Amino acid sequence: MTRLSILLTGQSGTGKSYLATYIVQTIKSKRKWVVDPSGEYYFPNFFQFEVTYDNYEIIPDVVKKYRNIVFQFFLAPEDTGKIVNYLCHHAFYTKNVFMTFEECHIYIDKLHPERWILLTATMGRKFGISSLYITQRPGMLNTTIRSQTNIKITGRMTDPSDLDAVRPFFTNYHLIPSLRDRTFLVHLPDGREKIFTTEGLVVQHYG
């Protein structure tokens, strides 16, 4: 498969999680790991693992046993970031992994991301790792991670700082504040931009 690194943004209520569900369900990858700090996602045939302070040490066994996993975190953001860093490190040796980072601005430090989180963004595709970064606050996400994605997708946003964060990525930036719910602007690797809607897409979405 072609290795992808996708940035998916948009303010709350625009349909990001529905689109993310479609992407996760349809993309081809040997392994799919979803980092879900808010209990947003449930996928059929995925192992749901609730990460707590009492069980995080068995994560190595979990990733060996299951290929498709939703990691639901019940930890402080800084601790979630450390464990997500471990997952990214493990992905470099596992390969052929599609990693989804829901609300990534919460646990990825804006100025100093953990080492393997940053390497996943900058070098992951060379090592067989594709990624999907989802956030409603792109202005709070590390700038290197934002810029290293090769597909940018945004729903409607009106916050000035978040608009400024994505302005460099979209030729038709001026359309973003007026996008309807479940309508998105995408910037593709070849420079083309399109508007599309998720209306009519059928997914098994429980978020």
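Residues numbered from 1 in each chain as written. Predicted model: local features only at pLDDT ≥ 70, side-chain atom pairs only at ≥ 80, totals over all residues. Heavy atoms only, no water.

Enquirer: Before we move on, could you go through the pattern of salt bridges and cite the residues and values that matter?
Expert: Counted under the stated rule, the structure contains 5 salt bridges. Between Asp-162 and Arg-137 there is a salt bridge, with its nearest N and O atoms 2.6 Å apart. Pair noted here: Asp-162 is in helix α6 (residues 160–166) and Arg-137 is in the loop between β6 (129–135) and α5 (143–148), with a separation of 25 residues, a long-range link. Accessibility expressed as a relative area gives 29% for Arg-137, which makes it partly exposed. Between Arg-156 and Asp-181 there is a salt bridge, and its shortest N-O distance comes to 2.8 Å. Taken together, the residues Arg-156 in the loop between β7 (151–154) and α6 and Asp-181 in the loop between α6 and β8 (183–187) connect sequence positions 25 residues apart. Overlapping salt bridges bring together Arg-137, Asp-159 and Asp-162 as one network. (Salt bridge = Lys/Arg side-chain N within 4 Å of Asp/Glu carboxyl O. Helix = DSSP H or I, 4+ residues; strand = E, 2+ residues; numbered from the N terminus. Buried < 20%, exposed > 50% of the residue type's maximum accessible area, 1.4 Å probe, protein only.)

Enquirer: For helix α1 (residues 16–26), give the residues involved together with the corresponding values.
Expert: Taking burial as the measure, the 11 residues of α1 include 8 buried ones, the bulk of the element. All buried positions along α1 are accounted for by Lys-16, Ser-17, Tyr-18, Leu-19, Ala-20, Thr-21, Ile-23 and Val-24.

Enquirer: Go over the packing of aromatic side chains, please, and point to the residues and values.
Expert: Between two aromatic rings, the relevant description is the distance of the centres plus the angle of the planes. One pass over the structure, following the stated rule, counts 9 aromatic pairs. Both rings, one in Phe-47 and one in Phe-49, keep their centres 6.3 Å apart while their planes meet at 25°; by these two values the pair is stacked. With centroids separated by 5.7 Å and ring planes inclined at 25°, the aromatic side chains of Phe-184 and Phe-196 adopt a geometry described as stacked. Remark: Phe-196 occurs in strand β9 (residues 193–197) and Phe-184 occurs in strand β8; sequence separation between them is 12 residues. (Phe/Tyr/Trp six-rings, centres within 6.5 Å; stacked < 30°, edge-to-face > 60°.)

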